[in-house]
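Okay, here's what each chain looks like letter by letter:
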Amino acid sequence: MKEKSIHKKRVVIAVIIAVVLIVSGVVVYSFLAPKSIVGDWELIVNPEITTATPDEVQNSDNAYYTFDESEKNGSGVYKIYYDGGVEEGKYKLSEKDGKKYVNLGTEELEYKITGSKLFGGVGLTIIYPEYADEQTGQTTPAQEYIFVQAKAPEYENESYDTFETDKALETEWVTNERFVSYYDYKLSYTETVRFNDNGIMTIHYESADLALDRYMYYAYTAEDGALTFSLVTDKETQYTVYYGFDEDGNLNFVEEKAPTSIFADAVFSDVTYYASDKS
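Residues numbered from 1 in each chain as written. Predicted model: local features only at pLDDT ≥ 70, side-chain atom pairs only at ≥ 80, totals over all residues. Heavy atoms only, no water.

Q: If you had to explain the overall build of the protein chain to someone new, which residues and values would you point to?
A: Across its full length, the protein chain holds 2 helices and 19 strands. Relative to its full complement of 279 residues, the protein chain shows a buried share of 36%. A separation threshold of at least 6 residues defines the contact pool for the protein chain, and within that pool the share at least 24 residues apart is 43%. Surface exposure of the protein chain reaches about 17600 Å², of which carbon and sulfur atoms provide 50%. (Helix = DSSP H or I, 4+ residues; strand = E, 2+ residues; numbered from the N terminus. Buried < 20%, exposed > 50% of the residue type's maximum accessible area, 1.4 Å probe, protein only. Contact = heavy atoms within 4.5 Å. Areas by Shrake-Rupley, 256 points an atom, 1.4 Å probe, with all protein chains shown as cover.)

Rendered as structure tokens:
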């Protein structure tokens, strides 16, 4: 009788331990399992790049999304980092029929978060639904954009290893409204250039016509009227322009070798730049 009693006690204890472990596991997983879209994510599978494998996308077309903490109504600010530039937009979260959705400014897109903070492999999948073109009748299947948690780049700290700065440049410079031709249209945009004392130059392109608000980051060095700069994501490729100031202290550039801007014109055109506090 004693042996049976001891056996029963052991069984009861084992059951209690099992229940405690299961409950603890559920509690731990619920604590560690990612629930929020907030944070930094690297895009590793991009359906728009059909010729690249996930590894090739990760190495050659790095893109990061950062979602700031949302407000109580689910709205927040997100940023996209790629090719030395940063764009900012607003997002909105919602739920329907047990599914989670994020609107990045166009439509509600289903999203899923998987993995565990403890064991790694935290992922985010944003799903663009199937689309049927009413004019052509062609159907584009649903596409999945896959992200993993990864720290977004700090472009603002990616200066050359050694650089020189010019105190006369270190301020914000703006130009008058500029235009770019697009078919039969003239689209307006503004360009603001800031030279920072840490060897980083930022160019802010803004266009209501194109619904664009983008910052480009460059490493630069300035000496004896020569400005040499590179995209922070490609410091090996360098460009040089020459600059000077007119009698009113306005800034002008003479190009020797410079890339084109995102508007297909030159980064620094034959225009006058005015200090923002004087414009």
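Q: I'd like a rundown of the side chain of Glu-191, residues and numbers included.
A: The residue Glu-191 is located in strand S13 (residues 185-195) in this model. At 3.1 Å, the side chain of Glu-191 forms a polar contact with the side chain of Tyr-273. Those residues in contact with Glu-191, other than ones at most four positions away along the chain, are Trp-173, Val-174, Thr-175, Arg-178, Ile-203, His-204, Tyr-205, Val-267 and Tyr-273. (Polar contact = N/O pair within 3.5 Å; in protein donor to acceptor, adjacent residues only side chain to side chain.)

Q: Let's hear about the nonpolar core: which residues, and what values?
A: Ranked by size, the top nonpolar core spans 28 residues in total, and within it Phe-195, Met-201, Leu-227, Phe-229, Phe-253 and Phe-268 carry the most contacts. For this core, the secondary-structure elements that each account for two or more residues are S13, strand S14 (200-207), strand S15 (212-223), strand S16 (226-231), strand S17 (239-245) and strand S18 (251-257). Those residues within four positions of Phe-229 in sequence are excluded, and the remaining contacts are Tyr-160, Met-201, Tyr-218, Ala-219, Tyr-220, Thr-237, Gln-238, Tyr-239, Val-241, Ala-258, Pro-259 and Phe-268. Residues Phe-67, Tyr-91, Leu-109 and Tyr-145 belong to the second largest nonpolar core, which totals 19 residues. (Core = buried A, V, L, I, M, F, W, Y, C linked by side-chain atoms within 4.5 Å.)

Q: Can you explain the confidence of the model for the protein chain? Please cite residues and give values.
A: Summary statistics for the protein chain give a mean pLDDT of 84 and a share of 81% for residues scoring 70 or more. When the criterion is pLDDT under 50, residues 19-33 qualifies, and its contacts beyond four places in sequence or with other chains add up to 6 contacts. (pLDDT = per-residue confidence, 0-100.)

Q: Let's hear about the pairing of S16: which residues, and what values?
A: On any regular strand, side chains alternate: one points to one face of the sheet, the next to the other face. With 6 of its 6 residues buried, S16 lies for the most part within the structure. Burial of the side chains of S16 extends over both faces: Ala-226, Thr-228 and Ser-230 are buried on one face and Leu-227, Phe-229 and Leu-231 on the other. Here S15 pairs with S16 via 6 bridges, running antiparallel. Each residue of the ladder has a partner; that of Tyr-218, found in S16, is Leu-231. Counting the residues that bridge the hairpin from S15 to S16 gives 2 residues, and of these Asp-224 lies at a positive phi of roughly 55°. (Pairing = 2+ DSSP bridges.)

Q: Tell me about the packing of aromatic side chains, and please be specific about residues and values.
A: With the rule as written, the count across this model stands at 20 aromatic pairs. Each ring, one from Tyr-155 and one from Tyr-217, has its centre 5.9 Å from the other, and the planes form 45°; the classification is tilted. Residue Tyr-155 is located in the loop between strand S10 (143-149) and strand S11 (172-174), and its partner Tyr-217 is located in strand S15; the two are separated by 62 residues in the primary sequence. Judged by centre distance (5.6 Å) and plane angle (80°), the rings of Tyr-218 and Phe-229 are edge-to-face. Pair noted here: Tyr-218 is in strand S15 and Phe-229 is in strand S16, with a separation of 11 residues, a long-range link. One aromatic cluster in this structure is built from Tyr-218, Phe-229, Tyr-239, Phe-253, Phe-268 and Tyr-273. Geometry around Tyr-82 places Arg-214 over its ring, the cationic atom sitting 4.2 Å from the centre. (Phe/Tyr/Trp six-rings, centres within 6.5 Å; stacked < 30°, edge-to-face > 60°. Lys NZ or Arg CZ within 6 Å of the ring centre and 35° of its normal.)

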